Amino acid sequence: MEAKQETHQFKTEVQQILNLIINSLYSNQDIFLRELISNASDAIDKVRYKAEIEPGILGEDSEFKIQLKPDAIKQTFEISDNGIGMTYEEVMENIGTIAKSGTASFMEALEHAKGHETLIPELIGQFGVGFYSAFMVADKITLVTRSAGVDVNKAVKWVSAGDGSYTVEETEKANRGTTITLALKKKEKDDKDYTDQWTVRGIVKQHSDFVGYPIAMEVERDEPLPDEEVIKDKDGKPIGATTRKVMGEETLNSMKAIWARNSNDVKDEEYEEFYKHLSHDWNPPMERLHLKFEGTTEYDALLYIPSKAPFDLFTPERRHGIHLYSKRVFIMDDCKELMPEYFRFVKGVVDASDLNLNVSREILQQDRLVLNIRKNLVKKLFDLLDKMDVEKYNQLYDEFGAVLKEGIHTDPDSKDKIATLIRYKTTKSEDSWVSLDEYVKNMKADQKDIFYITGDKLSALINSPHLERLKEKDFEVLLMTDPVDEWVVQSLTEYDGKPLKSAEKGDLDLDAVDETKKEAYNALFGFIKGHLENKIKEVKPSSRLKDSVSCLSGDTWDMSAYMEKLLKASGQKPNEVKRVLELNMDHPVVEKIKTLFENDRDNPELKDFSHLLFDMAVVSEGGKLDNPARFSKMVGDLMSRAMG
Ligand code: ADP
Ligand code: MG
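Heads up: these notes are all about the structure in this document. None of these values were measured; they are calculated from a predicted model.

So, the environment of Ile-22
Structurally, Ile-22 is set in helix α1 (residues 12-22). Note on Ile-22: relative accessible area 24%, which makes it partly exposed. In this structure the C-alpha to C-alpha distance between Ile-22 and Glu-533, which are 511 residues apart in sequence, comes to 64 Å. Contact partners of Ile-22, with chain neighbours within four places excluded, come to Phe-135, Gly-162 and Lys-185.

Description of the layout of surface pockets
Empty space within the second largest pocket amounts to approximately 940 Å³. For the second largest pocket, the lining is made up of 33 residues, of which Ala-561, Arg-579, Glu-621, Gly-623 and Lys-624 are closest to its centre. Breaking the lining of the second largest pocket down by element, the ones donating at least two residues are β17 (450-454), α14 (458-462), α18 (561-569) and α20 (605-620). Counting residues per element, the lining of the second largest pocket draws most heavily on α18, at five residues. Counted by class, the lining of the second largest pocket contains 11 nonpolar, eight polar and 14 charged residues.

Focus on the sheet that holds strand β21 (residues 536-541)
Taken in spatial order, the three strands make up an open sheet running β21-β23-β22, and their pairing is mixed. The open sheet terminates on both sides in strands that have one partner only, identified here as β21 and β22 (550-553). For this sheet, the mean inter-axis angle between neighbouring strands, taken without regard to orientation, is 25°. In this structure, β22 lies alongside strand β23 (residues 579-583), joined through four bridges in antiparallel fashion. Bridge pairing links Leu-552 to Leu-581 in β23. Here α20 sits on the sheet and contacts β21, β22 and β23; the angle it forms with β22, its principal contact strand, is near 70°.

About the cut-offs
Residues numbered from 1 in each chain as written. Chains lettered and ligands numbered in written order. Predicted model: local features only at pLDDT ≥ 70, side-chain atom pairs only at ≥ 80, totals over all residues. Heavy atoms only, no water. Helix = DSSP H or I, 4+ residues; strand = E, 2+ residues; numbered from the N terminus. Buried < 20%, exposed > 50% of the residue type's maximum accessible area, 1.4 Å probe, protein only. Contact = heavy atoms within 4.5 Å. 1 Å grid on protein atoms, 1.4 Å probe; cavity = no way out; pocket = protein on both sides within 12 Å on 5 of 7 lines; lining within 4 Å. Points joined across faces, edges and corners; volume = space filled by probe spheres on them. Nonpolar A, V, L, I, M, F, W, Y, C, P; charged D, E, K, R; others polar. Pairing = 2+ DSSP bridges. Axes fitted to C-alpha atoms, helices over the stretch in contact; angles between N-to-C directions.

Functional significance is not addressed by these values, which are geometric in nature.
And the structure:
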């Protein structure tokens, strides 16, 4: 065969990650083996599933196996599988780049971690660099792979020393699957010897015992000598050796499915290792839930809540949620039908004995059994969250609260339950989470509503002029800073019988407005509105300001400023909502403008002041001015006049 070798450069971010790995900022090198075994096991899962739909694809090669071959003389370590393999395109897509959707955010996080190098291992762990972790122990990696169902002998070879480039070429391979050969780095004195069979056995036992396919290795063991070969003395007692060294294949893992075992028999370490295998996360999970259901719907489930949000939590391509099995046979990964989107951070396995192995995703969606399981699991997860101690739950909420909250909008059946689980920072609690129950408990005697305000920055919200009067009355306000909160408040209109009310919309109904005073300002307000006609829909006395001069508000059913910003950021063009300019009648500036206006309506300053009142309202809520230069010039003029 004509082999054409191509050399490619790693993408910059891949090489950067490789450098981190090669320079071993991650301390536990053993896990390279776990990662390679996990890839091999995934690859076998895939071909096995494919064979359900395309029988015959396996051919003669139907006994699944992962084979390890350490070689002390050559100082190499080889791992082979008869899984699905990869085509040329797949190698280019999966191995030359880091295809993970979270790479960008990972690099960003890495940038932030500069100067805090101790954080980097955790970051790498959270991101999981799978295949590339082999560069912790190898100088050079050679991968040869043949895709299932591809013409006999057509295979691909990928080689790299992790130094900026890799080569790819066509090659031959006798059977389906992937073989990876590591040229091991020269050992320093404390390094482990990965060609030593006891070292390898130990790592497999520790990290990969539950893998569902045999992990086999040629090992040397003692075999009894046949009697006639044993040398004996005259009493028949052996004087020489009674055993001999032979090479034989041994399966290193027990292959016991953790979820099918009795939870009393599973050690914490085993649960943890299984989580890492399943989730591709290198950090231990925060919580686990091992369930066995008997009765009409019979199934085992083992669910985990990660300790850290993965980088791809908010990207559509994210995977690795719930794996579906039937009687310990893998059916599919990322079974979205078993878990609502707002629990997408939950990882685990569901093994339902009554499921058909050929089940397709389309059928799953309507399957009563699947729906039932999902309902049960959701209930059990809610129970788990309810029972968690405050500190741990807050930690969970830091990581996944924004996801969980989506359920209020998307799942009417669980809306009320989720409402008990949501938490907010508030004007009285900037640093720690407050539940709606606590909020309601702390409401003032004369307070009828649950007040909230939405926006993207906590610091801007907490100082928002919209909250001045609320603060004066000592009413607590929920500070909502997640985009999803806009949807939460659309669906959650009340809690415990108390309406949720936006601090920046509608009338706050805090105190009766002084009608005579309002009357007196009518003409001025009309005049200001005249100057701002195309920017606002109304000028009115404020029910929410105390110290500030002006702010912008909306009518109860208007879109909030934050929502408008979100929609625009997502590329939509929402209908422009004109807002209400609220002026503080008790503020000396407003009073003085009134005097100015009553003395001479044609005073040109009045027009400037009208614009300034509007611009100040925009600035105070962190908005963008249409004409910032004019604003700054006007303020400059005023300052120089004030200083004489
Ligand atoms: P992950 O396993 O999280 O996807 P990895 O870096 O471990 O990330 O692997 C990247 C991809 O390379 C895998 O998703 C898979 O498509 C491919 N791959 C790796 N090892 C194998 C293998 N032994 N057989 C087939 N494909 C593999
Ligand atoms: Mg992997």
